[in-house]
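A look at the structure
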Amino acid sequence: MNLPKTGFPMRAGLSKSEPKRLKDWQDNKVYEQVLKKNEGHKKFVLHDGPPYANGPIHIGHAMNKISKDMINRYWMMQGYEVPYVPGWDCHGQPIEHKVEEKLGTEKFNQTSTAKIRELCNEFAVENIELQKAGFRRLGVLGDWDNPYLTLYHQHDAADIEVFKAMFDKGMIYRGHKPVHWCKHCHTALAEAEIEYSDETSPSIFVRFEMTFKPAGLEKFDGPVDFIIWTTTPWTIPSDQAVSLKPGAAYVAVEHEGRAEVMLEDLAPKCCEEFGWEYTPVMVDGKPYVVPAETFHHIHYKQPIFDGVEGVALLADYVGVDDGTGIVHNSPGHGVDDYFACLKEGITDICMPVDDDGKFYTGEEFGTGGPFSGMDTDEANPHIIEFLRERGTLVLEKKITHSYPHCWRCKHPVLFRATDQWFVSMDKTGLREQAGKEVRENVKWYPAHAANRIGAMVEQRPDWCISRQRNWGVPIPSYTCADCGEKVMNDATLDAVIKLFHEKGSDAWFTDAPESYLGEACVCPKCGGHHLKADKDILDVWWDSGVSWKAVCEYRPELEYPADVYLEGSDQHRGWFQSSLLTSVGANGHAPYKAVVSQGFTLDGQGRKMSKSLGNVIDPNKVCDEMGADIIRLWVASVDTSSDVSIDHEILARTSDAYRRFRNTLRFLLSELEGQFEPETDGVAFADLLPLDKLMVARLTQVQAEVDDAYASYEFPRAYRALYDFVVTELSNVYLDALKDRLYCEKPGSLERRSAQTVLAELFSMLMRDLQPILSYTVDEAMAYAPAGCVDHQKYAALLDWYKSPITVDEANEFEGVLEASLELRSAVTKALEDARSAGTFTKSQQVRVKAVVPAEMYALLTGDKAVDLAEFYIVSDVELTQGEELFVAIEAAEGECCDRCWNYRTTVGEYNGHAHICKRCANAL
Ligand SMILES: [Zn+2]
Ligand SMILES: [Zn+2]
Ligand SMILES: [Zn+2]
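Residues numbered from 1 in each chain as written. Chains lettered and ligands numbered in written order. Predicted model: local features only at pLDDT ≥ 70, side-chain atom pairs only at ≥ 80, totals over all residues. Heavy atoms only, no water.

When its secondary structure is counted, the protein chain shows 31 helices and 36 strands. A compact globule built from 925 residues should have a C-alpha radius of gyration of about 29 Å, whereas the protein chain, at 38 Å, is more than 25% larger. Viewed in the frame of its principal axes, the protein chain has a C-alpha envelope of about 130 × 75 × 45 Å. Out of the 925 residues in the protein chain, the part that is buried amounts to 57%. For the protein chain, long-range pairs separated by at least 24 residues make up 77% of all intrachain contacts whose partners lie at least 6 apart in sequence. (Helix = DSSP H or I, 4+ residues; strand = E, 2+ residues; numbered from the N terminus. Rg over C-alpha atoms; globule rule 2.2 N^0.38 Å. Buried < 20%, exposed > 50% of the residue type's maximum accessible area, 1.4 Å probe, protein only. Contact = heavy atoms within 4.5 Å.)

Below, the structure written as structure tokens:
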């Protein structure tokens, strides 16, 4: 007998073997070898989205990098030149925050910007090394020795080059505008950095006493008040106006001798809440009900600062469902307020809150007054108390409402009107052009992602690109020390670009402008030569967003636009968008041809992972315990286009699936290693036995499916096709049926060579199809493979894509026979099971099958592509007759059991002491 044998071990021991293999890849520069192999071919560029360089890698990172590696390995095998340059996002608040924590806030505030930047740089670089080791361990191939870092000089310069291109087109402007402000992070926040969640706030109703009476109430004896409503008491010190809904009806209610003005529709409900009787002021026998316009430009006493007056305005944004229909207006702290005031010509905006969220000290309007030095949250109860003591507080209660929070630190944010830099979405048509690119020139995976980013681009406000921090690339603007003019022009921008190329953006903070600006160091307004470098830095999304320039365009091995970007779906508001806006802004087109968006990683119950829940899956630990290939197989098996789950149970199931794949590779090797070379021993397709032809046809179909799935970034479809093929079709049916021929036929006979030829095709196909997923395991199998099955290569990454000996069209011609054979097989299997449970037979070899089959099936099963059904079903014989309906009967096999192959046949003689040997076995022996 030919017994199976191979050196490919059954037990994987991945956690021990993978690190050795990885070292071998690094020592022998496998990534470089792949590039060399495909040098000069068409390129495929997957541009890496830079993870943030703080802390070790998590399972989301692992999914991201493995997905990218699967794509890259697939295109490498397709013969493309696939340069992969991993990157890191190095600037930004979280790193600066870590440094602040390390130094302590007091010391931090005394440290020079240059020193803080040095410490941030150190922190980023340390973390990059940590993450890099984690990514490499996952088996991800790439140019790890030359990654891109957003802190490189070239990247700093690219930031300004893109800035200049957009500045020259008139897209960048400086504006005074309320922006989201995080007092914990000391910075303005972009819309993309805001999360909404519920927050409980004080809700107060306050009397604002008018300084003169509105038309129709001239004769009213007592004071007349606006009853305003707000959920941010701390904005009352900066109150400058109240807004009423244009066209709406307002009523005056009499209470304790005062006339209290509210929206008519809301007044009864408000009175009930206040504990007042609803008694409208009567004028000429009729309730006093007038349109909002009656109050336009009426003045009232500022509730905190004596002698200051506010003014009543009309504004569409005023709600008529809650409160009193009159809102107080603090243009320094609200976007709606700001624009309502701007429309009325109020431009002298009061903004008494500093970067830390504390009131400026002083007694005048424009400071915190009685609340000087207090934090805004701390001030809330004091302000309420102040109003209560003055007798102007009508009601205080708590409400829960949706409120903006800082994406990074999760604290509620404020609005602050400050001077900021913006990218205009509409001035030069950026919004329209970006939307057009999204819809028409980029392929999105999944397709509906286009709607998501499209809607975001459509609705987003102007992009606030300035931040008030240390760790980033400066906005290249100067202030004239003589006249205060802001200075920025092509000459200064070119000088800054040159400076950054040479010395990086650190130089902005250390070098005097006159030392590098040269002729450009002049104020166009007053002609002075004393320019001071401004302090604002660029939004960190700008940094990573211009990587198309700093990396794809600058690095000769890459291409711009890139073929594909792949990141988590949160990047629709982050990197996908900042890359799109800067590329469209500077060059008029998207930086990518396709975008793959992925969901988040959750635990088995669909919850976020957190230390407190104890459900964190650490990829480094899984590598140490189970092996990177298990994580890779998990990534391939889940639908990453939406959120995915992982826990220990899921990993254990993945591990089972892994064993099925490994065992199949091992079985194939056990019939091939040292026993078969396709180039010398292979049988041409035309000469294969019919059953073997059928299998080649089948594998050709599966291969086409896998190919299509990889090319459309649908990994789970590739995984599912391979898993079903290996487990359901190969292991359970075909490989089982083939064992008799493999074990018993003469080693060099056509019967055995034909079978081995198919096994070699199966093996070759699986090596390619599984290589992107089980990169370590497939590489391990290389050492045992017939050279002709693996392109005479040593490393799996160097394989070229599998090519079947027949086309898909040719393969599809076998579909009918395959289906008919399998349909009859089900009937036979059922009959065998019945016979087994009845105790008639124990083994399928003991029976012969008598089958009646319908005409069409009969034609297929006896036609030119018909297979040896007895072999396929592992029975002694199959006798077919044509009839109306499918019917299967089973009877005892003729002949007797062959001592060697255990098939029931007519035995022909004796060999080496065995009396019962069938003809085939006698021949083989
Ligand atoms: Zn924050
Ligand atoms: Zn000047
Ligand atoms: Zn035999």
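Relative to the elements of secondary structure, lysine 693 occurs in helix H23 (residues 690–711). Since its relative accessible area comes to 21%, lysine 693 is described here as partly exposed. Note: C-alpha distance between lysine 693 and serine 804 (111 residues apart in sequence) is 12 Å.

For the coordinates displayed, the defined rule picks out 37 aromatic pairs. Here the aromatic rings of phenylalanine 226 and tyrosine 300 are separated by 6.2 Å at their centres, their planes lie at 85 degrees, and the arrangement is edge-to-face. Here phenylalanine 226 is found in strand E7 (residues 224–230), whereas its partner tyrosine 300 is found in strand E14 (residues 299–301), with 74 residues between them in sequence. Exposure class is identical for phenylalanine 226 and tyrosine 300. Each is buried. A ring pair is formed by tyrosine 565 and tyrosine 592, whose centres lie 4.7 Å apart and whose planes are at 70 degrees; its orientation type is edge-to-face. Separated by 27 residues along the polypeptide, tyrosine 565 in strand E26 (residues 562–568) and tyrosine 592 in strand E27 (residues 592–598) bring together distant segments of the chain. Taking the relative accessible area as the measure of exposure, tyrosine 565 reaches 0% and is therefore buried. Clustering of aromatic rings is evident, with ring pairs tying together Phe44, Tyr74, Trp75, Tyr80, Tyr710 and Trp801. (Phe/Tyr/Trp six-rings, centres within 6.5 Å; stacked < 30°, edge-to-face > 60°.)

Okay, the coordination of the zinc ion (ligand 2) next. The coordination sphere of the zinc ion (ligand 2), as far as protein atoms go, consists of Cys480 (SG), Cys483 (SG), Cys523 (SG) and Cys526 (SG), spread over 2.2 to 2.3 Å. Around the zinc ion (ligand 2) sit four donor atoms, and with donor-metal-donor angles ranging over 103 to 116 degrees the site reads as tetrahedral. Here the donor residues of the zinc ion (ligand 2) share one chain and are spaced in sequence as C-x2-C-x39-C-x2-C. Here cysteine 483, found in the loop between strand E22 (478–480) and strand E23 (486–487), pairs with cysteine 526, found in the loop between helix H15 (513–517) and strand E24 (531–533); they are 43 residues apart in sequence, far enough to count as distant. Classification of cysteine 483 as partly exposed rests on a relative accessible area of 33%. (Donors = N, O, S within 2.8 Å, 3.2 Å for Na, K, Ca; no water. Tetrahedral: all angles 85-135°; square planar, octahedral: opposite > 155°, others 65-115°.)

The next subject is the pairing of strand E6 (residues 194–209). Of the pairings in the sheet, the one linking E6 to strand E17 (residues 393–406) comprises 13 bridges and is antiparallel in character. The residue of E17 that forms the bridge with valine 206 is leucine 393. Relative to E7, E6 runs antiparallel, the two being bridged by six bridges. In the strand pairing of E7, phenylalanine 208 is matched with phenylalanine 226. (Pairing = 2+ DSSP bridges.)

Among the structural elements, isoleucine 453 can be located in helix H12 (residues 449–459). In the structure, isoleucine 453 is positioned 446 residues away from glycine 7 in sequence and 52 Å away in space, judged by C-alpha atoms.

Spatially, E23-E22-E24 is the arrangement adopted by the three strands of the open sheet, whose pairing is antiparallel. The outermost strands of the open sheet, each flanked by one partner alone, are E23 and E24. Pairing of E22 with E23, which is carried by two bridges, proceeds in the antiparallel orientation. Its bridge partner being in E23, tyrosine 478 is matched across the sheet by valine 487.

Attention now moves to the packing of helix H20 (residues 628–637) against helix H21 (residues 648–672). H21 packs onto H20 with a crossing angle of 100 degrees between their chain directions and a minimal axis gap of 9 Å. When the interaxial angle is binned, H20 and H21 end up roughly perpendicular. When H20 is examined against H21, the residues Asp629, Ile630, Leu633 and Trp634 are found in contact with a partner set consisting of Ile650, Leu651, Thr654, Ser655, Ala657, Tyr658 and Phe661. (Axes fitted to C-alpha atoms, helices over the stretch in contact; angles between N-to-C directions. Parallel < 35°, antiparallel > 145°, perpendicular 65-115°, else oblique.)

So, about the coordination of the zinc ion (ligand 3). Bound to the zinc ion (ligand 3) are the protein donor atoms Cys898 (SG), Cys901 (SG), Cys918 (SG) and Cys921 (SG), situated 2.1 to 2.4 Å from the metal. Bound by four donor atoms, the zinc ion (ligand 3) shows angles of 104 to 114 degrees at the metal and therefore tetrahedral coordination geometry. For the zinc ion (ligand 3), all donor residues lie on one chain, and their spacing in sequence is C-x2-C-x16-C-x2-C. Of this pair, cysteine 898 sits in the loop between strand E33 (896–897) and strand E34 (904–905) while cysteine 921 sits in helix H31 (residues 919–924), placing them 23 residues apart in sequence. Like cysteine 898, the residue cysteine 921 is buried in the burial classification.

Counted by the stated rule, this structure contains 66 salt bridges. Residues lysine 36 and glutamate 39 are paired through a salt bridge, measuring 3.0 Å at the closest nitrogen-oxygen approach. Relative accessible area serves as the criterion here: at 49%, glutamate 39 is assigned to the partly exposed category. The shortest N-O distance in the salt bridge between glutamate 260 and arginine 207 comes to 2.8 Å. A residue pair is termed long-range when its members are at least 10 positions apart, and glutamate 260 in strand E10 (residues 258–263) and arginine 207 in strand E6 qualify at 53 residues. Owing to a relative accessible area of 12%, arginine 207 belongs among the buried residues under this scheme. Sharing partners across several salt bridges, the network here consists of Arg207, Glu209, Asp225, Arg258, Glu260 and Lys301. (Salt bridge = Lys/Arg side-chain N within 4 Å of Asp/Glu carboxyl O.)

Turning next to the side chain of glutamate 745. Mapped onto the elements of the fold, glutamate 745 is located in the loop between helix H24 (715–744) and helix H25 (750–770). Not counting residues up to four positions away in its chain, the partners in contact with glutamate 745 are Asn2, Asp740, Glu751, Arg752, Arg920 and Ala924.

It is worth spelling out unusual backbone geometry at this point. Between tyrosine 445 and the following residue, proline 446, the backbone shows a cis peptide bond with an omega angle of -5 degrees. Checked against the element boundaries, proline 446 lands in the loop between strand E19 (443–445) and H12. A cis amide bond links tyrosine 560 to the next residue, proline 561, at an omega of 0 degrees. With respect to the helices, strands and loops of the structure, proline 561 is situated in the loop between helix H17 (547–553) and E26. Unlike most non-glycine residues, aspartate 284 shows phi in positive territory, near 50 degrees. Structurally, aspartate 284 is set in the loop between strand E11 (282–283) and strand E12 (286–287). By relative accessible area, aspartate 284 is classed as exposed at 75%. In this structure, histidine 297 takes a positive phi of about 70 degrees despite not being glycine.

None of the figures reported here should be taken as evidence of function without further support.
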